[in-house]
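Commentary on secondary and tertiary structure
The chain contents come next:
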Amino acid sequence: MTSTFINFMRTGIGYDIHALKKGRKLVLGGVAIPFNKGLAGHSDADALYHALVDALLGAMGEGDIGAHFSDTDPAFKNAGSALFASKTKALLKRKGWSVANVDAVILAELPKMGPYREAMKKNIARDFGIALDRIGIKAKTNEGFGAIGKGDAIACWATALIEKSTKSEARSTKQIRN
Ligand code: MG
């Protein structure tokens with residue numbers, strides 16, 4: 001009988017897109033960004049947080065953001081996406097997962113995201129419970145193509161890698177492989 005730690009890793013991918021409309025605040029990565037339009041949606045429409053939540057839920061095999069936070073539920077109307085993040089963080093903890101890293105791409109023609117990147121990372125670190133050096137954020141324009149290129153929408157992609165270590169008793173390595 002040998003005692004072995006088995007490390008489980010899982011990946012997840014998330015995507016979100018929201019329309020840019022006049023009269024809405026632009027919130028991305030939990031940062032209120034000064035701009036003449038904002039993202040429209042039931043909650044604060046933070047596409048970066050939503051993509052991250054979906055990547056983490058996907059990695060856990062826990063469905064998607066709509067299953068956990070229905071857009072018809074009045075409890076989530078104009079909700080800050082920090083609430084979705086903290087509930088995702090709690091689910092990760094309850095299931096014994098820790099986050100190895102997350103990485104994200106923001107697709108936006110305007111405004112420039114560079115000045116807000118560090119503030120977004122700090123918010124993500126706090127709300128999702130992920131160390132700062134495990135968070136990646138990139139921003140790209142869509143080179144003028146499509147709705148994003150025309151400045152009518154902002155989209156975000158995110159990936160997540162989660163891990164847990166389980167102490168396992170096994171008679172042989174063959175048994176571990178099986
Ligand atoms: Mg969304």
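See the structure shown above.
Quick summary incoming for the structure in this document. (Residues numbered from 1 in each chain as written. Predicted model: local features only at pLDDT ≥ 70, side-chain atom pairs only at ≥ 80, totals over all residues. Heavy atoms only, no water.)

Quick notes on the overall build of the chain
A count of helices and strands for the chain gives six helices and seven strands. N-terminal to C-terminal, the α/β element order of the chain is β-β-β-β-α-α-α-β-α-β-α-β-α. With the principal axes as the frame, the chain shows a C-alpha extent of 65 × 35 × 25 Å. The proportion of buried residues among the 178 residues of the chain is 42%. The contacts of the chain with a sequence gap of at least 6 include a subset with a gap of at least 24, amounting to 74%. Counting only carbon and sulfur atoms, one obtains 54% of the accessible surface of the chain, whose full area is about 9500 Å². (Helix = DSSP H or I, 4+ residues; strand = E, 2+ residues; numbered from the N terminus. Buried < 20%, exposed > 50% of the residue type's maximum accessible area, 1.4 Å probe, protein only. Contact = heavy atoms within 4.5 Å. Areas by Shrake-Rupley, 256 points an atom, 1.4 Å probe, with all protein chains shown as cover.)

A few points about the pattern of salt bridges
Working definition: two side chains of opposite charge can pair if their charged atoms are close together. Applying the stated criterion to the full structure yields three salt bridges. Here Asp-103 makes a salt bridge to Lys-138, at a shortest N to O gap of 2.6 Å. Taken together, the residues Asp-103 in strand E5 (residues 98-107) and Lys-138 in strand E6 (residues 135-140) connect sequence positions 35 residues apart. Residue classification places Asp-103 among the partly exposed residues on the basis of a relative accessible area of 27%. You can call Lys-138 partly exposed: its relative accessible area is 32%. One salt bridge in this structure joins Arg-126 and Asp-127, with 2.9 Å as the shortest N-O distance. The exposure class assigned to Arg-126 is exposed, which follows from its relative accessible area of 52%. (Salt bridge = Lys/Arg side-chain N within 4 Å of Asp/Glu carboxyl O.)

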